[in-house]
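Listed below are the residues making up each chain.
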Amino acid sequence: MFTVAILADLHLPDAADTVKETVLDWALAEAKAQKVDLIVGAGDLTGTGTEAAAMRIRLKLEKTKIPFLLTPGNAEMRDPAWKKRSSAILATPRQYDHVVLLDSSTRMFAARDRELLKELTRLGGQNLLAVTHCPMATLDDGDRKLLEQAASAGTIGQLVAGHYHSDTREVKYSLVRGLDPDKAAGGAPALALFTLDDSGNWSRRDIACPAADPRLWPENERREWLNHLGISGMAAPLDSLALAVEAEVPAFEFRYDSIAKLDVSLLLTRLAAWRRRGGRYLSLQLPDLRWRDGILEGDVQIARAAELAVELHCDSVAIHAPRVKLSVFRRAPEVRQLMLEKMCALLKPVTDAGIVVGVENLHMSARDHKSGDRGFGYTPEECREWIEAMRAVAGTPRIGLQLDIGHVRNNAPYSSLYTLSQWYASMGREVVGFHLHQIRVEEDGSYTNHAALSGLFGKLISLSSLFMAWRAGQLNHAPMFLEIREGSSFESCQALRRELDICS
């Protein structure tokens, strides 16, 4: 018997305090407990190939006293400044016993590995476990043909790849979802074990990280999380509120633009019915404050929305970070000061009423990429800067972060530099509310926000890291609003409720 543990797609950052570190430590301890013969890293173990992350991985692997092989992924190639140094830190032999590595970090095999594969195929019949990062579908025809020839010759008995963050099991081909609690789809982050038995057959067994699966929590902890989960009435506010009443949803958010023309007495009547059925946290999403062509926009709408928030007895309001180019803020401090003072003045009725203010993080758009001059509020540092400035001017600590996890994920290139786990670790104690939604991939490869978040371990956004950070105390236990445009926020809420009732 010969057993190999596969580590893939962790995307470890420089910071050592994220829940990704927790998953890595668990995976290495589990590999030792399983008495594996070899550990293999299948690429993207670091988030951007930085030296600090690479060194931590190397030292932790060495500490296990288990032999290990590492092959890079595309993430290790992201930063040219670090690529050479991190590659040296993570360098290992390409072969060990029944295992061979194939470098596909550039979405094609490295020339030396192509030659190695040809030579091994010529020898034939070795029944190797071949490990690479990129799946066959991403490789060119020539590399796929080499793999097929190696499999036909009996050289490769099992091919393993990562990159897609999801699982596939075929006779001689496996994809592994890997270890990233932000991205692993279809289940909690998992260690994949491949065993060669005495008859020459390869088998696979996955061990999921229990700390990343909230279905294993005690019932009282699951209930506590669900008691913070609510919905947003984006398109049909009154219909959504009626569903919230019927299902006793504890948190609800209106958007000002969808209720601005509704009768306030009607809203108060409906809200009273919701509160009688357990509704306990009401939020209002306010309009944006913008700087466009030297003119301040949105102030009139924000003033009206702030008055409405007080009338509706809201517990919090959410407002995006100011819509202004980063270059304007940095080069024209007088504009920054004007927008800061104006926003605080507009929100004075809210803060005077003791209503919490959540500043929502923004994200890169096609316009940002095209212009090369992005907006403000896309990084944790910028959000912290604005929140602290608002607290100082408004004279209240009741201003924090309304963390939109979809905006974090749909924020390339900053989504690699500031992952969900990093936002949780660096800004989690500033959070006063969450916007939850999934993102969808379009045909051109771009992302669309506000898709249904109907599962705990979805493709592109997994909730594993949120649950881990929540339980570890990195995140404030604040209200969460499912902000869904494509489909129903209520249906997503009910789907998450059902999943968390699976285990008792």
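Everything numeric here is computed off the predicted structure, so don't read it as measured data.

A few points about the overall build of the chain
Regarding its fold elements, the chain presents 20 helices and 23 strands. In terms of overall size, the chain behaves like a compact globule, its C-alpha atoms giving a radius of gyration of 25 Å where 504 residues would be expected to give roughly 23 Å. The dimensions of the chain, computed from C-alpha atoms along their principal axes, are 80 × 55 × 40 Å. A total of 504 residues make up the chain; the buried ones form 57% of that total. Put simply, 73% of the contacts in the chain that link residues at least 6 apart link residues at least 24 apart. For the chain, the accessible area works out to roughly 20300 Å², and carbon and sulfur atoms hold 51% of it. Across the chain, the 60 positively charged side chains and the 65 negatively charged ones have centroids separated by 1 Å.

Overview of the packing of aromatic side chains
All chains considered together, the criterion is met by nine aromatic pairs. Taking the centre distance of 4.5 Å and the plane angle of 40° together, the rings of W225 and F467 count as tilted. Residue W225 is located in helix 6 (residues 219-226), and its partner F467 is located in helix 19 (residues 464-472); the two are separated by 242 residues in the primary sequence. Taking the relative accessible area as the measure of exposure, W225 reaches 0% and is therefore buried. Using a relative accessible area of 1% as the deciding quantity, one classes F467 as buried. Through a chain of ring-to-ring contacts, three or more aromatic side chains come together here, namely W217, W225, F434, F467 and W470.

Overview of the pairing of strand 20 (residues 431-436)
Within strand 20, five of the six residues are buried, leaving the element largely enclosed by the surrounding structure. Relative to strand 20, strand 19 (residues 399-404) runs parallel, the two sharing four bridges. Looking across to strand 20, one finds that L401 is bridged to V431. Bridge count for strand 20 against strand 23 (residues 480-482) is three bridges, and the pairing is parallel. Bridging from a neighbouring strand, F434 pairs with M480 of strand 23.

Looking at the sheet that holds strand 2 (residues 38-41)
Backbone-to-backbone hydrogen bonds pair the strands of a sheet. The strands run either parallel or antiparallel. Taken together, five strands build an open sheet; the order of strands is 3-2-1-10-11 and the sheet is mixed. Across the chains shown, the open sheet's two edge strands, defined by having one partner strand only, are strand 3 (68-70) and strand 11 (202-208). Put simply, the sheet's adjacent strands are angled 20° from each other on average, direction ignored. Inspection of the sheet shows strand 2 paired to strand 3 by three bridges, in the parallel sense. What sits directly across from I39, in strand 3, is F68. In the packing of helix 2 (residues 51-64) onto the sheet, contacts are made with strand 1 (2-7), strand 2 and strand 3, and the angle to strand 3 comes to roughly 160°.

Points about the pattern of salt bridges
In this structure the tally under the stated criterion is 34 salt bridges. Of the charged contacts in the structure, one is a salt bridge between R169 and D206, with a shortest N-O distance of 2.4 Å. Of this pair, R169 sits in strand 8 (residues 168-169) while D206 sits in strand 11, and the two are 37 residues apart along the sequence. For R169, a relative accessible area of 53% puts it in the exposed group. In this structure, E382 engages R374 in a salt bridge whose closest nitrogen and oxygen atoms are separated by 2.6 Å. Among the charged side chains, a network of salt bridges with common partners joins D167, R169, R177, R204 and D206.

As for the sheet that holds strand 8
Taken in spatial order, the six strands of this open sheet run 4-5-6-7-9-8, and their pairing is mixed. Two strands bound the open sheet, and with one partner strand each, they are strand 4 (95-96) and strand 8. Strand contacts of helix 4 (residues 111-123): strand 4, strand 5 (99-101), strand 6 (128-131) and strand 7 (156-161), with the helix running at about 150° to strand 5, the strand carrying the most contacts.

Some points on helix 18 (residues 420-427)
Among the eight residues that make up helix 18, six are buried, leaving the element largely enclosed by the rest of the structure. Those residues of helix 18 that fall on the buried side of the exposure criterion are L420, S421, Q422, W423, Y424 and M427.

A few points about the environment of L496
You can see L496 is positioned in helix 20 (residues 489-499). On the accessibility criterion, L496 (0% relative accessible area) is buried. Separated by 102 residues in sequence, L496 and A394 have C-alpha atoms that sit 37 Å apart. Sequence-distant contacts of L496, that is, excluding residues within four places in its chain, are made with L229, L453, S454, G455, L456, L463 and L482.

Observations concerning the side chain of T195
With respect to the helices and strands, T195 occurs in strand 10 (residues 190-196). For T195, the side chain forms a polar contact with the side chain of T3, separated by 2.9 Å. Aside from chain neighbours lying at most four places away, what touches T195 is M1, F2, T3, N201, W202 and S203.

A closer look at the environment of I399
As for its placement among the helices and strands, I399 is situated in strand 19. For I399, a relative accessible area of 1% corresponds to the buried category. With 243 residues separating them along the chain, I399 and I156 place their C-alpha atoms 58 Å apart. Among residues more than four places away in sequence, those in contact with I399 are V357, V359, I387, M390, R391 and A394.

Some remarks on the packing of helix 7 (residues 237-247) against helix 9 (residues 264-276)
Two elements in contact, helix 7 and helix 9, have axes whose closest approach is 9 Å; the angle formed by their N-to-C orientations is 20°. Between helix 7 and helix 9, the crossing angle belongs to the class labelled roughly parallel. For the pair helix 7 and helix 9, the crossing hand works out as left-handed. Residue-level contacts link L238, L241, A244 and V245 of helix 7 to L266, L267, R270, L271, A273 and W274 of helix 9.

Let's talk about the nonpolar core
In terms of nonpolar packing, the biggest core is built from 120 residues, with I39, W225, F254 and M390 touching the most fellow members. Residues contacting I39, with those up to four places away along its chain left out, are A5, L7, L28, A31, L61, T64, I66, P67, F68 and L69. Judged by nonpolar contacts, the second largest core, of 19 residues, contains L102, M136, L139 and I156.

About the cut-offs
- Residues numbered from 1 in each chain as written.
- Predicted model: local features only at pLDDT ≥ 70, side-chain atom pairs only at ≥ 80, totals over all residues.
- Heavy atoms only, no water.
- Helix = DSSP H or I, 4+ residues; strand = E, 2+ residues; numbered from the N terminus.
- Rg over C-alpha atoms; globule rule 2.2 N^0.38 Å.
- Buried < 20%, exposed > 50% of the residue type's maximum accessible area, 1.4 Å probe, protein only.
- Contact = heavy atoms within 4.5 Å.
- Areas by Shrake-Rupley, 256 points an atom, 1.4 Å probe, with all protein chains shown as cover.
- Lys, Arg positive; Asp, Glu negative; His and termini not counted.
- Charge placed at Lys NZ, Arg CZ, Asp CG, Glu CD.
- Phe/Tyr/Trp six-rings, centres within 6.5 Å; stacked < 30°, edge-to-face > 60°.
- Pairing = 2+ DSSP bridges.
- Axes fitted to C-alpha atoms, helices over the stretch in contact; angles between N-to-C directions.
- Salt bridge = Lys/Arg side-chain N within 4 Å of Asp/Glu carboxyl O.
- Polar contact = N/O pair within 3.5 Å; in protein donor to acceptor, adjacent residues only side chain to side chain.
- Parallel < 35°, antiparallel > 145°, perpendicular 65-115°, else oblique.
- Left-handed = near helix turned anticlockwise from the far one by under 90°.
- Core = buried A, V, L, I, M, F, W, Y, C linked by side-chain atoms within 4.5 Å.

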